[in-house]
Amino acid sequence: MIRSMTGYGRKEDSKGSIRATVEIRAVNHRFSEIVVRLPKAWNILEDSIRKLVAQYVRRGRVDVTVSVEGKNSSATVMDIDWDVAEQLVSISREMTQRFSLETPLTVKDLLHFPGVIHTKESEDNVEELAEWLQDLVRGAAMDLVSMKETEGNLLHADLTSRLTAVNTWTREISQLAPLCREDYKGRLEQRVSEWAGLTPFELDPARVAQEVAFFADKSDISEELTRLDSHCQQFAIQLGKEEAIGRKLDFLLQEMNREANTIASKANHLRIQHLAVEIKTELEKMREQIQNVE
């Protein structure tokens, strides 16, 4: 099943006094890149979350944002930097003596001074909540995949429709190709015959026939049509695969476009050239869609 590379997934839940929200955004990218943003106290889970999301994403840039609100009393740890506090007290005493200050440094002053008190989440509590948070991430990832598959179904329908048009035009060119070659050969023979009537010497019929056949062969597009038809069949097969197929489809479209270009340049036939241009136009539209296929 085709998946789009763009999508959005979101899950939120509460556990005790803590509420967590997980948002996952996916956009186009040539390779797979997963960026995880967590609150500082939860950074210990970054690697496990990245690996979890990677199970649901095959290609594209994915931004995972986890926000946690609320505090758990057992999760909060307050730490005092005694070195900083002692330096402040020492400086305060020295300044009091030097400047004859009457207002001493109080405990309240110390507690409000930046760097004295450090508040952090207990890692033990984070580990206890890890499974709960990973379940949220898993739910958001499944929500993301659902959206990617919905858009992928639309891409599949569009690409299939355009591929059908390319196949139809290719078959029409295949029917015209033999007639085109004979028509081209006939016109060459007529021109050579007209030119021969103007020359004072006699042309070698065998040599003329050989040269006419040579130029007619140069306009032969049977090999290009065979390869174009083969690429179309491979494209249809890839559309039904359950894997990351975006880069393979892009490669096939490049090869299909190459064959269409050759057909347009070799075939000395107005209708075939017109059909080749139609194929190239459709392939370009397909390539634009492929840029969003995972």
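Just so it is clear, the structure is predicted and the values come from calculations on it, not from any experiment. (Residues numbered from 1 in each chain as written. Predicted model: local features only at pLDDT ≥ 70, side-chain atom pairs only at ≥ 80, totals over all residues. Heavy atoms only, no water.)

### Side note on the pattern of salt bridges
Scanning all chains against the criterion turns up 24 salt bridges. We note a salt bridge from R3 to E294, for which the minimum N-O separation is 3.7 Å. Of this pair, R3 sits in the segment before β1 (7-15) while E294 sits in the segment after α8 (270-290); the two residues are 291 residues apart in sequence, bridging distant segments of the chain. The same class applies to R3 and to E294, which are both buried. (Salt bridge = Lys/Arg side-chain N within 4 Å of Asp/Glu carboxyl O. Helix = DSSP H or I, 4+ residues; strand = E, 2+ residues; numbered from the N terminus. Buried < 20%, exposed > 50% of the residue type's maximum accessible area, 1.4 Å probe, protein only.)

### Re a nonpolar patch on the surface
Judged by side-chain polarity, I91, M95, F99 and L101 come together as a nonpolar surface patch covering roughly 390 Å² of accessible area. The residue F99 is located in helix α2 (residues 82-99) in this model. Taking relative accessible area as the criterion, F99 reaches 52% and is therefore assigned exposed. (Patch = residues over 30% accessible without salt bridge, like charges linked within 9 Å, V, L, I, M, F, W, Y side chains within 5 Å. Areas by Shrake-Rupley, 256 points an atom, 1.4 Å probe, with all protein chains shown as cover.)

### Points about the nonpolar core
Ranked by size, the top nonpolar core spans 32 residues in total, and within it F235 and M256 carry the most contacts. Of all the elements in the fold, those that place two or more residues in this core are α4 (123-196), α6 (222-239), α7 (246-266) and α8. The biggest single contributor to this core is α4, with eight residues. In this view, F235 contacts L159, L163, L249, L252, L253, M256, M286 and I290; residues no more than four positions away in its chain are not counted. The next biggest cluster of nonpolar side chains, apart from the first, holds 29 residues, and it includes V36, L45, L129 and A130. (Core = buried A, V, L, I, M, F, W, Y, C linked by side-chain atoms within 4.5 Å. Contact = heavy atoms within 4.5 Å.)

### Some remarks on the confidence of the model for the protein
Averaged over all residues, the pLDDT of the protein equals 85, while 84% of them reach at least 70. Looking over the protein, one finds the lowest element-wise mean pLDDT in strand β6 (residues 117-121), namely 64, and the highest in helix α1 (residues 46-54), namely 96. (pLDDT = per-residue confidence, 0-100.)

### Quick look at the layout of surface pockets
Of the volumes computed, that of the largest pocket is approximately 150 Å³. Taken together, M5, N28, H29, R30, R59, G246, R247, D250, F251, Q254, I290 and Q291 make up the full set of residues lining the largest pocket. For the lining of the largest pocket, the element with the highest residue contribution is α7, accounting for five residues. Broken down by class, the residue content of the lining of the largest pocket amounts to three nonpolar, five polar and four charged. (1 Å grid on protein atoms, 1.4 Å probe; cavity = no way out; pocket = protein on both sides within 12 Å on 5 of 7 lines; lining within 4 Å. Points joined across faces, edges and corners; volume = space filled by probe spheres on them. Nonpolar A, V, L, I, M, F, W, Y, C, P; charged D, E, K, R; others polar.)

### Details of the packing of α7 against α8
Direction vectors running N to C along α7 and α8 enclose 165 degrees, while the axes themselves pass 9 Å from each other. Between α7 and α8, the angle is such that the two are roughly antiparallel. Crossing handedness for the pair α7 and α8: left-handed. On the side of α7, the interface is formed by G246, L249, D250, L253, Q254, M256, N257, A260, N261, I263 and A264, while α8 contributes I272, Q273, A276, I279, K280, L283, M286, R287 and I290. Tallied by class, the residues present in the contact of α7 with α8 amount to twelve nonpolar, five polar and three charged. (Axes fitted to C-alpha atoms, helices over the stretch in contact; angles between N-to-C directions. Parallel < 35°, antiparallel > 145°, perpendicular 65-115°, else oblique. Left-handed = near helix turned anticlockwise from the far one by under 90°.)

### A word on the environment of L225
Counting through the fold element by element, L225 comes out in helix α6. Of the residues examined, L225 reaches a relative accessible area of 8% and is grouped as buried. Taking C-alpha positions, L225 is 8.5 Å from A260, a pair spaced 35 residues apart along the chain. Those residues in contact with L225, other than ones at most four positions away along the chain, are T170, I173, S174, A177 and I263.

### Some remarks on α1
Buried within α1 are the following residues: I49, L52 and V53. Burial along α1 is one-sided: seen end-on, the buried residues are contained in an arc of 95 degrees. (Arc of directions from axis to C-beta.)

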